[in-house]
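Working through the structure, step by step
Each chain is listed here by its residues.
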Amino acid sequence: MNRADLHLHTTASDGLLTPAEVVRLAHEAGLAGMAITDHDTMAGVEEALREGARVGIEVLAGVEISTSWEGRDIHVLGYGPDWRQPLWQERLAQLREGRERRNERILARLGELGLVVTMEEVRAAAGKAAADESVGRPHIAAVLLAKGVVATMREAFDRYLAEGAAAYVAVPKVTPQEAVAWIREAGGVSVLAHPGLYGDDRVIELLAGEGLTGLEVAHSDHTAEQEARYASLAAQLDLIATAGSDFHGVRQGQVFHGEIGSRTVDMSVLTLLRQAGRRE
């Protein structure tokens, strides 16, 4: 199968499998290519590249940057940035520091609700040792689940961690325009992730004018109608149409968001992204 899944998460952020394990699963699924796109970190990239070379699957180095626009959480995928570039690493560290401050405030709010969760418990649940790995709300949810406070991960978000819930705290974020610029300056190309989740397509045209390279047309949380609309819009705006499962792993028998390989593009798209990065 000459297909690639361009949106996958690992234990470097909030996925449940190591980079090597994700690569092996993608290979077992018959994929020819894939991209590692952890939140605000590229800590899993080198391991994924090594495993990809070993099993014979092409791995594209990537990242998913959390941004904010008009009060909405907007995610921008970056493909091919040089993860060793000092300025790029400094910028990613800045984003992770914002997450750390947010996590501490969430734990404080949970404490006010009579729910004691420590950062040590969260980091243990996340299995994080390296400073360049990302810790987020799913790891807090996992602690709440382990303590019996909630029965499911979804309940943890609905009651405490989702926007508008009892312990929600917004993370300090850059704008999507800044994310596009940062990715370009690090030698990569930018793609707007899962536009169907934002409820406002104006951001697509805005970023198309700021140097956006592609649009994630197919995503596990998109409807068939949305995918058709975004395919048309990508063509109109001369954006590369991409696809990804947004696989995070399996919790309590439930796959978040989709199985590896459930949303794919032809390998020619991966080649187009690499070529676009070389032109930047």
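The following refers to the structure shown. Note that the structure is a prediction, hence the values are computed from the model and not measured.

**Quick notes on the pattern of salt bridges**
Enumeration according to the criterion identifies 16 salt bridges in this entry. Among the ionic pairs, Arg202 bridges to Glu70, the shortest N-O distance being 2.6 Å. Here Arg202 is found in helix 8 (residues 202-208), whereas its partner Glu70 is found in the loop between strand 3 (58-69) and strand 4 (72-79), with 132 residues between them in sequence. In this structure Arg202 comes out as partly exposed when scored by relative accessible area, which is 48%. Several salt bridges converge on common partners, so that one network encompasses Glu70, Arg72, Asp200 and Arg202.

**Observations regarding the environment of Ala218**
With respect to the element layout, Ala218 can be found in strand 6 (residues 214-219). In this structure, the C-alpha to C-alpha distance between Ala218 and Gly62, residues 156 residues apart in sequence, is 17 Å. Residue contacts for Ala218: discarding those within four places in its chain leaves Glu227, Thr242, Ala243, Gly244 and Arg263.

**Here we look at the nonpolar core**
By size, the foremost hydrophobic cluster in this structure holds 48 residues, and its most contacted members are Leu6, Tyr79, Trp88 and Leu192. In contact with Trp88, other than residues within four places in its own chain, are Met42, Val63, Ile65, Pro81, Asp82, Trp83, Trp182, Ile183 and Ala186. Formed by 21 residues, the second largest nonpolar core is a distinct cluster that contains Val135, Ala141, Val143 and Ala156.

**Focus: the side chain of His222**
Following the sequence through the fold, His222 ends up in the loop between strand 6 and helix 9 (224-236). One polar contact links the side chain of His222 to the main-chain amide nitrogen of Gly196, over a distance of 3.0 Å. In contact with His222, not counting residues within four places along its chain, are His194, Pro195, Gly196, Glu216, Val217, Glu227, Tyr230 and Arg263.

**Points about the packing of helix 3 (residues 86-112) against helix 5 (residues 137-146)**
At a minimum axis separation of 10 Å, helix 3 and helix 5 run at an interaxial angle of 30°. Judged on the interaxial angle alone, helix 5 and helix 3 are roughly parallel. Where helix 3 crosses over helix 5, the two elements pack in a sense that is right-handed. Across from Arg102, Asn103, Ile106, Leu107 and Leu110 in helix 3, the residues of helix 5 making contact are Arg137, Ile140 and Leu144. Classifying every residue of the contact of helix 3 with helix 5 gives five nonpolar, one polar and two charged.

**Looking at the sheet that holds strand 4**
Two orientations exist for strands paired in a sheet by backbone hydrogen bonds: parallel and antiparallel. As summarised here, the arrangement of the eight strands in space is 7-6-5-4-3-2-1-10, forming an open sheet in which the pairing is mixed. Edge strands, defined here as strands with exactly one partner in the open sheet, are strand 7 (240-244) and strand 10 (265-266). Examined bridge by bridge, strand 6 and strand 7 share five bridges and lie parallel to one another. Among the inter-strand pairings, Gly214 is bridged to a residue of strand 7, identified as Ile240. Its contacts with the sheet put helix 1 (residues 19-28) on strand 1 (3-8), strand 2 (33-36) and strand 3, and the angle it makes with strand 2 is roughly 155°.

**Quick word on the pairing of strand 1**
In terms of burial, strand 1 is a largely internal element, five of the six residues being buried. As defined by bridge partners, strand 1 adjoins strand 10 across two bridges and the pair is classed as antiparallel. What sits directly across from Ala4, in strand 10, is Val265. Read as a crossover between parallel neighbours, the route from strand 1 over helix 1 to strand 2 is right-handed.

**Description of the packing of helix 4 (residues 119-126) against helix 5**
Contact geometry of helix 4 with helix 5 gives a least axis separation of 8 Å together with a crossing angle of 100°. Considering the angle they form, helix 4 stands roughly perpendicular to helix 5. From helix 4, Glu121, Val122, Ala125 and Ala126 reach across to helix 5, where they touch His139, Ile140, Ala142 and Val143. When the residues that make up the contact of helix 4 with helix 5 are grouped by side-chain class, the tally is six nonpolar, one polar and one charged.

**A word on helix 1**
Taken residue by residue, helix 1 has Pro19, Ala20, Val22, Val23 and Ala26 as its buried positions. In a view along the axis of helix 1, the buried residues occupy a sector of 160°, so they form one face of it. Buried residues along helix 1 sit against strand 1, strand 2, helix 2 (45-55) and strand 3. Just downstream of helix 1 lies Gly30, where phi reads positive at about 90°.

**Things to note about the pairing of strand 4**
Across a regular strand the side chains alternate sides, sitting on one face of the sheet and then on the other. Where burial is concerned, most of strand 4 is hidden: six out of the eight residues are buried. In this structure, strand 3 lies alongside strand 4, joined through eight bridges in antiparallel fashion. In the sheet register, Ser66 faces strand 4, and the bridge partner there is His75. Here strand 4 runs beside strand 5 (residues 189-192); their pairing, made up of four bridges, is antiparallel. When the bridges of strand 5 are listed, Leu77 appears paired with Val191.

So, how was this worked out
Along each chain, residues carry numbers from 1 onward, in the same order as the chain's sequence is written. Reporting in this predicted model follows two pLDDT cut-offs: at least 70 for local features of residues, and 80 or more for side-chain atom pairs to be given and counted; totals over whole chains, interfaces and linings ignore these cut-offs and use all residues. Computation of side-chain values covers all heavy atoms of the structure but excludes hydrogens and water. Just to be clear on terms, a salt bridge is a Lys or Arg side-chain nitrogen sitting within 4 Å of an Asp or Glu carboxyl oxygen. Numbering of helices and strands runs from the N terminus, with a helix taken as a DSSP run of H or I at least four residues long and a strand as a DSSP run of E at least two residues long. Only protein chains enter the area calculation, which uses a 1.4 Å probe; residues under 20% of their type maximum are buried, those over 50% are exposed, and those in between are partly exposed. It only takes one pair of heavy atoms within 4.5 Å for two residues to be counted as in contact. Throughout, nonpolar core names a set of buried Ala, Val, Leu, Ile, Met, Phe, Trp, Tyr and Cys residues whose side chains join them through atoms within 4.5 Å. We call two N or O atoms a polar contact when they sit within 3.5 Å, provided that within protein one can donate a hydrogen and the other can accept it, with sequence-adjacent residues counted only if both atoms are side-chain atoms. Here an angle of 0 to 180 degrees is reported between the N-to-C directions of two axes, which are lines fitted to C-alpha atoms, with helices fitted over the stretch in contact. Throughout, the term roughly parallel applies to angles under 35 degrees, roughly antiparallel to angles over 145, roughly perpendicular to angles from 65 to 115, and oblique to all others. Note on convention: the crossing is left-handed when the near helix lies turned anticlockwise from the far helix by less than a right angle, right-handed when the turn is clockwise. In the scheme used here, Gly and all other residues not listed as nonpolar or charged are polar, with Ala, Val, Leu, Ile, Met, Phe, Trp, Tyr, Cys and Pro taken as nonpolar and Asp, Glu, Lys and Arg as charged. Criterion used throughout: strands pair if DSSP finds at least two bridges between them. Consider the strands pointing away from the viewer: the crossover is right-handed when the path from the first strand over the helix to the second runs clockwise. Arc definition: directions from the helix axis to the C-beta atoms.

Don't take any of this as a statement about function, it's just geometry.
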